[in-house]
Amino acid sequence: METLRSIHIVALGSECPGGIGPGEEILGQGQLQGGLLWSYLGHGALVGPCDLEGSLHNPAFMEYTSRVFGDVTVVVRDCPSWDLLDTDWASVRKVLEQADILVIKYSVTDKLAFQQVRNGYAPRLRPLLRHWGVPVILVAVGARLNDEGPPCTCPLCASDWSSCVPHSEGLQLSRDLGATYLELPSLNHVFVGRYFGSVLEYFMIQCLKHKAKERPEKRRGNKVNELRPPHLEQPACLPPIRVEESSFSQDMQWLLERGVQFADVAFYAGDSGKELGWAHAAVLCAVSPYFRQLLLGPKTRERPQSRCVCRERDGGPHSLLSIWDGGIIDDMPRSDGHLTGRLSRLVVKDPLLCMCLWETLMFIYRGAWEWEHLQEALEEKLKNSLAVAQLLDRIRSLIGRDRVLKDTPSARAAQLGPQTLVNLFNSPLYSDVIFMVQGSVLPAHRAVLVARCDVMAAMFSGKYAEARSRVVPIHGVSSDTFLSFLEYLYTDSCCPASVLQAMAVLVCAEMYQVKRLQHLCEVCVCAYLQSMPSRELASTGISVVRLLRRAKCHNAEQLYIWLLHFIANNYLIFSHKPDFLELSEEEREQVERLRWPSRGYLQELSEYQQRRRKLRKSRCLVM
């Protein structure tokens, strides 16, 4: 009879912002034991594990007992931290199974904690509460903020929705959980006793009536002989796809150091006429507006005489470089027979820039964003801080004042190296090769292609027809796919629009041996497939098994392994499709080994359903 005259209350959540102790109105032990229920029970509460039959002690729950209605024992298990649901869900479930009443608390001024409860923990509790039929009380504690006056208690006030939990969101959560919703502006005796206490006492009375009527063997607390469904484990995690680090800056550095074959700009010292080095007009014009104006002026061909971009003024960027007299030579042949197009000869007039031209060009080729490395190189070369500061100012003028980076991480990240060649992508500016793909004309630049792709380097540097031709036909690839491939070479990024497009670019990347692009396409395929809900996976026309076959054929090992795990994790969907039979015997064995749900679980589920049917038939015969 003692069990019939006891009430088990489980409380989850904290009624205080940030999970800190209760409000100022709670004194003494109430600050340590949870404010709301402790305030209702009063001074008669006793701290510590109870001795009632079937009680479960968990150190994460603060346990205390009291008496109501004279002879009814109330056992409270209060857990202010929701993290326990993640770390020890099995223990929480056992405690919840013994609950006669569940109280969920939150502070209206702690919106982040409320959102975690609503989005993360409520979906896990909802099916259990509906199955058990436990009455739930959702309590919002605290007054909403109001900058213009005292704390606001109006449920329709929307002045602080950005920082506080509005009445409508709390009411919606209570509807989702099937709970009774209460709002308590504070934890004083009026609100706790009159409002919360009245609702709690109503449910306690109903619970006592229910316990008095039901037979002990039917009570939820005695589940010794009750059938339990088998436990379904979570599917195994899909293997990660690893992407190689970007080599864009290193590729462009290689172009400056060893790509003299495709250089079309020569630099000479202004005082001695000595040749200082070679560069590529396409790269210079893509990075620097000054070079664009210098090399692509409107009268470049009509006026070959010595000139500057603007009228000379002391200290301006126009005084750094000038065009050599007759410095533009069309189609100047090299000794190896390759055509270079126009060769521009530039005179370096500034002595500091003349001394540090190589460091400046290296800075431009690597993306014009590594200012710290440039400054270190200049300091080591010049050994003069004033000269370094002057040259840095001139280099800023050279690449355009709008490209000067502020000394913040976000500003540095805003102008990474790959972004410097965006304007060259699919642009005729200084283009020296044209790809013909399915009737589409795609202009490109040999220097960029050679630096970024080893197959292209062999194609344009060897004794092949492409090395001596301006028009290069491409077969076996669609124009959209090849354009995406070129986009990666220029920008170091790729965003295919679909799974099939990503696979097509992956095949093209494997054809031209660009491993990092292949990895990016693998990531895209995985992201698209994972974003599909189960219904779409079941009805889609995309054959995952054929994607698996193409991944294996084109050496996409990471994608191949990932797709095998993906098929295994969605076994009930893919095993009913006709193309499932196309898997090899080895692949099918691996999928069967990794399948979810497992064969063992399905067997246990079948046995459980059979036992339930037999139990129902036996009950019907008794009735």
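Refer to the structure above for everything that follows.
Residues numbered from 1 in each chain as written. Predicted model: local features only at pLDDT ≥ 70, side-chain atom pairs only at ≥ 80, totals over all residues. Heavy atoms only, no water.

(A) The packing of aromatic side chains, seen in detail. Scanning all chains against the criterion turns up 16 aromatic pairs. Seen in terms of ring centroids, Tyr106 and Phe114 are 4.8 Å apart; in terms of plane orientation they differ by 50 degrees. Their pairing is tilted. For the pair shown, Tyr106 and Phe114 are each scored as buried. Measuring from ring centre to ring centre gives 5.0 Å for Trp562 and Phe566, while their planes differ by 10 degrees; the resulting arrangement is stacked. Of the two residues, Trp562 and Phe566 are both situated in helix H23 (residues 557-569); the distance of 4 residues between them amounts to about one turn of the helix. (Phe/Tyr/Trp six-rings, centres within 6.5 Å; stacked < 30°, edge-to-face > 60°. Buried < 20%, exposed > 50% of the residue type's maximum accessible area, 1.4 Å probe, protein only. Helix = DSSP H or I, 4+ residues; strand = E, 2+ residues; numbered from the N terminus.)

(B) Spotlight on empty space enclosed by the protein. On inspection of all chains with the given rule, the structure shows 1 cavity of 30 Å³ or more. There is about 30 Å³ of room inside the largest cavity. Considering the residues around the largest cavity, the lining is formed by Phe267, Phe291, Leu321, Leu353, Leu357, Thr360, Leu361, Ile364 and Leu398. The dominant element in the lining of the largest cavity, judged by the number of residues it contributes, is helix H12 (residues 357-365), at 4 residues. The residue makeup of the lining of the largest cavity, split by class, is 8 nonpolar, 1 polar and no charged. (1 Å grid on protein atoms, 1.4 Å probe; cavity = no way out; pocket = protein on both sides within 12 Å on 5 of 7 lines; lining within 4 Å. Points joined across faces, edges and corners; volume = space filled by probe spheres on them. Nonpolar A, V, L, I, M, F, W, Y, C, P; charged D, E, K, R; others polar.)

(C) Structural context of the environment of Cys521. Tracing the backbone shows Cys521 in helix H20 (residues 515-530). Overall, the relative accessible area of 1% leaves Cys521 in the buried class. When the C-alpha atoms of Cys521 and Ala556 are compared, they prove to be 9.6 Å apart, with 35 residues separating the residues in sequence. Non-local contacts of Cys521, meaning those with residues more than four positions away in its chain, are made with Ala502, Val505 and Leu506. (Contact = heavy atoms within 4.5 Å.)

(D) How the structure looks around a positive patch on the surface. A grouping of Arg612, Arg613, Lys614, Arg616 and Lys617 is seen on the molecular surface, where their side chains present a positively charged patch. Relative to the helices and strands, Lys617 is located in helix H26 (residues 599-622). (Patch = residues over 30% accessible without salt bridge, like charges linked within 9 Å, V, L, I, M, F, W, Y side chains within 5 Å. Areas by Shrake-Rupley, 256 points an atom, 1.4 Å probe, with all protein chains shown as cover. Salt bridge = Lys/Arg side-chain N within 4 Å of Asp/Glu carboxyl O. Lys, Arg positive; Asp, Glu negative; His and termini not counted. Charge placed at Lys NZ, Arg CZ, Asp CG, Glu CD.)

(E) Region of interest: the environment of Leu357. Secondary-structure assignment places Leu357 in helix H12. Residues Leu357 and Leu276 lie 81 residues apart in sequence; the distance between their C-alpha atoms is 7.7 Å. Excluding residues that lie within four positions of it along the chain, Leu357 makes contacts with Phe267, Leu276 and Val348.

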